[in-house]
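So the chains spell out like this:
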Amino acid sequence: MRIFLLFILMICPSSHIWSQQLHVGSYNIRYQNDEDTKKGNGWERRCAVVCDQLNYEHPDIFGAQEVLSGQLKDMLKHLDGYAYLGCGRDDGKDSGEYAAIFYDPKRLHLLADGHFWLSPTPEKPSKGWDAACIRICTWGKFEDIRTGFTFYFFNLHLDHEGKEARRRSVELVLSRIESLTGGNGAVILCGDFNSTQSDASYQAVSHCGRFLDCYEHSRLRFAENGTFNDYKQDRKISGRIDHIFVSPDFQIERYGILTNTYWTAGKKKNRFDRRLPSDHYPVFVYLNYAN
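Before going into details, it helps to say that this report is about the structure given with it. Because the structure is predicted, anything quoted here is derived from the model rather than measured.

This brings us to helix 3 (residues 43–57). The first and last C-alpha atoms of helix 3 sit 20 Å apart over 15 residues, in line with the 21 Å expected at 1.5 Å per residue. Within helix 3, the full set of buried residues consists of Trp43, Arg46, Cys47, Val50, Cys51, Gln53 and Leu54. Down the axis, helix 3 shows its buried residues gathered within 160° of arc, on one side only. Pointing more than 90 degrees away from the buried face of helix 3 are the exposed residues Glu44, Asp52 and Tyr56. Looking at the packing, one finds that the buried side of helix 3 touches strand 1 (20–28), strand 2 (61–67), helix 4 (69–78), strand 13 (262–265) and strand 15 (283–289).

Below you can see the structure in the form of structure tokens.
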């Protein structure tokens, strides 16, 4: 009996090294526009599907990209108990797309937050380098109410055209992360990088020594496709442009790119069209961390 008790005492500490878990996501929800509506992919149809999917998965925290102010209000109305932080990129208030962070306030307590523009003048709304659009990064510092564990969460959307803008933006974000965290502490970085795993902007993060790509380092993975679908449900790609990176403070348990669809009435009787909730697939990960 003594030997058995000693054995239990020896294994218990190691079994609790990664005993706490966070569920994290990144979702480009596609901005609301008339052209999508004409093609049957309007936000008025997609909103409920996006929010139902998020409510079902119920990540503790997730970053969303391309969120216009009207879409933000719709999501807050349909999501189950989430709070948010962020602002419109065009004016720092409510104009333009948000790189919003949604979180469950019953699980996470917001300690600090902020945002900066991806440009040479990051403290004010501005377009950077060869970017086609104004781009912004939103961040928050959170405490897990259950354990007191603190971490930083950054959500960004890099430019879709400017290669220099993507490169410089990544440099800026990594620099801001270091200055805000003092080079220490747990960090989650997510977003639409508009960069596949073979691109320099992606590699600048994955090879910087500060972050792990959740896809590459997850213990379990469910990812049968890339992350950009262009509303084509039968499109098969290997490139991932939506990423979640974490500092080594986390153990990456599970990673998934979820390719759920929904149906709308077709032109013929008793016929239905299969559609996608967004032109991007969402990414979800389960992260473990030590007490």
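The subject of this paragraph is the pairing of strand 6 (residues 136–144). When you tally the buried positions in strand 6, you get seven out of nine residues, the bulk of the element. Here strand 5 (residues 108–117) runs beside strand 6; their pairing, made up of nine bridges, is antiparallel. Pairing of Gly114 across the sheet is with Trp139, part of strand 6. With seven bridges connecting them, strand 6 and strand 7 (residues 150–157) associate as antiparallel partners.

What follows concerns unusual backbone geometry. The residue Arg30 is not glycine, and still its phi comes out positive at about 70°. The phi dihedral of Tyr231 falls on the positive side, at around 65°, and the residue is not glycine. Summarising the element assignment, Tyr231 is placed in the loop between strand 10 (220–222) and strand 11 (242–246). The class for Tyr231 is buried, based on a relative accessible area of 14%.

Cut-off values and rules
- Residue indices begin from 1 for each chain and proceed along its sequence in written order.
- Since the coordinates come from a predicted model, pLDDT governs what is reported: local features require at least 70, and pairs of side-chain atoms require 80 or more to be given and counted, while whole-chain, interface and lining totals use all residues.
- Remark: hydrogens and water are excluded; side-chain values derive from all non-hydrogen atoms of the structure.
- Each helix is a run of H or I in the DSSP string that is no shorter than four residues. Each strand is a run of E no shorter than two, and both are numbered from the N terminus.
- A helix is expected to span 1.5 Å multiplied by its residue count minus one.
- Three labels apply to residues, based on accessible area from a 1.4 Å probe with only protein chains included: buried if under 20% of the type maximum, exposed if over 50%, partly exposed otherwise in between.
- Here the arc refers to the directions that run from the helix axis out to each C-beta atom.
- Throughout, a residue-residue contact means that at least one pair of heavy atoms, one from each residue, lies within 4.5 Å.
- By definition, two strands form a pair when at least two bridges between them are found by DSSP.

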